[in-house]
Amino acid sequence: MLLLAALALAGPPDVDSPLKGTSKARKDAALIVTVEDYKLLADVSYATRDGDSLQAWLSTTHGVERILRVQDPDRNTLRRKIDDAARAVRRGGTLWVYFAGHGIVDEDGRRTLLTREAAPDDPAGVGLNDLAADVADSRAKQVLIVLDAGFGGVGRLGEPLGFPPRDEIPPVATPAQKKVSVWAAASGAEIPGVYPDAGHGMFAYFLLGSLRGWADGATGGKPNADVTLEEAQSYVSKTVKQVGGKLWNPSKESREDVVKWSLARSGQMEIGPDKELLAAMAQSEKARRVKEATDSMIAVANAQWLEIAVTTAVASPAGIEKLNAFIQKYELATVSVDGVATAIVVPQVADARARLDQFARDELKAKGKKKRKRGTKKSKAPPPPAVSVTAACDDLIKLEPAAMSGALSTEQIACVESKIAMAKKQTERDKLSRVLLANADSRADVEEWMRLAARHLEEIDRSDPDLCFRYALTLSRIGTVEDGEDVLKWIGYALENKQAWQGPTYISRVYNLYRLQAEVATRMWIDAEQDFQEERNEESSLTAEEFRGFAKNTAREWLDYARVSGQEHGRAYALCQAAAGSLNFCGEAVTSPQ
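Residues numbered from 1 in each chain as written. Predicted model: local features only at pLDDT ≥ 70, side-chain atom pairs only at ≥ 80, totals over all residues. Heavy atoms only, no water.

**Q** Give me the lowdown on the overall build of the chain, citing residues and values where you can.
**A** When helices and strands are tallied, the chain shows 19 helices and 13 strands. With respect to the principal axes defined by its C-alpha atoms, the chain has extents near 95 × 60 × 50 Å. Residue burial in the chain is summarised as follows: out of 594 residues, 50% are buried. Contacts in the chain between residues far apart in sequence, at least 24 positions, make up 72% of those at least 6 positions apart. When the accessible surface of the chain is summed, it comes to about 28,500 Å², and 52% of that surface belongs to carbon and sulfur atoms. Within the chain, one finds 78 positive and 84 negative side-chain charges whose respective centroids are separated by 3 Å. (Helix = DSSP H or I, 4+ residues; strand = E, 2+ residues; numbered from the N terminus. Buried < 20%, exposed > 50% of the residue type's maximum accessible area, 1.4 Å probe, protein only. Contact = heavy atoms within 4.5 Å. Areas by Shrake-Rupley, 256 points an atom, 1.4 Å probe, with all protein chains shown as cover. Lys, Arg positive; Asp, Glu negative; His and termini not counted. Charge placed at Lys NZ, Arg CZ, Asp CG, Glu CD.)

**Q** Explain the environment of A453 residue by residue, including any values.
**A** By secondary structure assignment, the location of A453 is in helix α13 (residues 446–460). Taking relative accessible area as the criterion, A453 reaches 0% and is therefore assigned buried. The spacing of A453 and C468 is 15 residues in sequence and 8.6 Å in space, taken between C-alpha atoms. Dropping the residues within four chain positions of it, A453 is found in contact with L437, L467 and Y471.

**Q** Outline the state of the cysteines, supporting the account with residue identities and numerical values.
**A** Overall, the coordinates contain one disulfide when judged by the stated rule. A disulfide bridge connects C576 with C586, and the sulfur atoms are separated by 2.1 Å. Handedness of the C576-C586 disulfide follows from its S-S torsion of about -95°: it is left-handed. One end of the pair, C576, is in helix α18 (residues 570–580); the other, C586, is in helix α19 (residues 583–586), and 10 residues separate them in sequence. Like C586, C576 is buried. (Disulfide = S-S within 2.5 Å.)

**Q** Kindly report on a negative patch on the surface, identifying the contributing residues and their values.
**A** On the surface, D83, D130, D134 and D137 cluster together to form a negatively charged patch. Relative to the assigned elements, D130 resides in helix α4 (residues 128–136). Classification of D130 by relative accessible area gives partly exposed; the value is 48%. (Patch = residues over 30% accessible without salt bridge, like charges linked within 9 Å, V, L, I, M, F, W, Y side chains within 5 Å. Salt bridge = Lys/Arg side-chain N within 4 Å of Asp/Glu carboxyl O.)

**Q** I'd love a proper account of the nonpolar core, names of residues and values included.
**A** Core analysis: the largest hydrophobic core is formed by 87 residues, its most contacted members being I145 and F206. Per element, the largest residue contribution to this core is nine residues, and it comes from helix α5 (residues 202–214). With residues near it in sequence (within four places) discarded, I145 still touches V97, L128, L131, A132, V135, V180, S181, V182 and W183. Core analysis: the second largest hydrophobic core is formed by 65 residues, C415, W501, A528 and A551 among them. (Core = buried A, V, L, I, M, F, W, Y, C linked by side-chain atoms within 4.5 Å.)

**Q** Account for empty space enclosed by the protein, naming residues and giving values.
**A** A full pass over the atoms with the stated rule returns six cavities of 30 Å³ or more. There is about 80 Å³ of room inside the second largest cavity. Along the wall of the second largest cavity there are 13 residues; nearest its centre are L54, W96, Y98, L144 and V146. The set of elements that each furnish at least two residues to the lining of the second largest cavity consists of β1 (25–34), α2 (47–61), β3 (94–105), β6 (142–150) and α5. By residue class, the composition of the lining of the second largest cavity is 13 nonpolar, no polar and no charged. (1 Å grid on protein atoms, 1.4 Å probe; cavity = no way out; pocket = protein on both sides within 12 Å on 5 of 7 lines; lining within 4 Å. Points joined across faces, edges and corners; volume = space filled by probe spheres on them. Nonpolar A, V, L, I, M, F, W, Y, C, P; charged D, E, K, R; others polar.)

**Q** Residues and numbers for the pattern of salt bridges, please.
**A** Scanning all chains against the criterion turns up 28 salt bridges. The partner of R49 in a salt bridge is D16, and the shortest N-O contact between them spans 2.5 Å. In this pair, R49 is assigned in helix α2 and D16 in the loop between α1 (2–10) and β1, connecting sequence segments 33 residues apart. Overall, R49 belongs to the partly exposed group, its relative accessible area being 38%. Across the pair R288 and E292 runs a salt bridge, and its minimum N-O distance is 3.2 Å. Within this pair, R288 and its partner E292 are both found in helix α7 (residues 275–309), separated by four residues, close to a single helical turn. Overall, E292 belongs to the partly exposed group, its relative accessible area being 44%. One continuous salt-bridge network, built from bridges that share partners, spans E285, R288, R289 and E292.

Rendered as structure tokens:
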């Protein structure tokens, strides 16, 4: 927390103010191309600043005098500038070529750098192979082409560009020209993302840092004030994965003589961020990406809620079905960052639940029925009649594929039911019961699945936290506030056996159990308060106060776990504050994962 606070105040280390260099690279030349403002494609955030900062390093620190800076060129302009750069480099010098923009790969695996007029139906630009061939004809001793572009059909912010999607693309090929090396921000279809905290693309930020000296000694040797291509690529590859996401994979040069190229040599080398600061930078950036993904999902959910809010204002079978479908879709919503799922809260789920509760309340009033008194048990649905055991289910193993596809016959189901009734061993009853559960589940027969699950948990085994959780969750969806006590009971059993889960599954499941518990308790408190308003007496007052206390405590449990596990806890804090009626009970209001 202290590291994050320090990072929030200071920000990532500066890479824009160039270090003062003492040497001159009089033979070198550079071509810096940035295409941030496309006419028909998504813009490339921070591309211009990336190019400006690289130009500042080349001129001020490295001493390159001939730099061609090109912004938002069309295809013909870029071709001319490539020729100009090839003529500008002196014999024995290094030609630097940097491109920040969009790219595309054709069906043959050839990469094209897209220029500003490019469109989904016209991928205008310059082919990488053509670029490499043109600069190879120069007098340069070595040519480094840096591609800060994605080739998977999406932009830096993940927005589709309109080209045919490419989930997999071939890696960057080693150039045929011995003196040319290509260093790409992404080897395959991954997205070279942004680093808003630094105001740069993520790849460009650590590229600039590596040239300032951060990469000196990155391959295990002692720092010697000379950053080689191998050191720079090793450092950038490691740090973009650590801070920007482990799924990112920049390309690396494999030729032994080429990796020894010297990129930055100076008596003044800057030391990069240490492990602690990099860890804080990574945590801050991940929190940003989780929030971005969360906001995106909530925006989609809100749009869907607005679509159904009007049509479900009045109770109807179709409207109730829509509300239940919305709850089912978003109740356990998660976003995935770096392959790890993080549970999120979609606020509109509570609205959908409240509407279903109101429908149930209105129905009871219309029928003149009184609500079931709290603490009394509902009568159970009668089990199906027992039948005699036949050969229809002698081989349980053979029944399992049919059950998994919902294809058990009536005779087979009756046979399994009879065996459950006659079985003496708990393990045998457990296996038989799960066959019927799988069959009902595959048939999407919720009513039958709930009957079977209730029997399994009540009469056979309640130690499976997944089954307890699913039963409680389904009951909360299809039932009413009257079923709250049953929901809470099975949440309790799931929490008792939570040690069966491990790793991210444990974190997500426990978080959602606490969430469901708090939300059900809150619904029961609100329902009790409404009863008190309708019928003011000592009993209803005490009941409302009792449920208020329970809602307060369960919301605090959810809030505490969410904070400790780094999950979103804005709604947990809101529920806690509402039930507690005090700021002190719920602690500090922090709504984003830390």
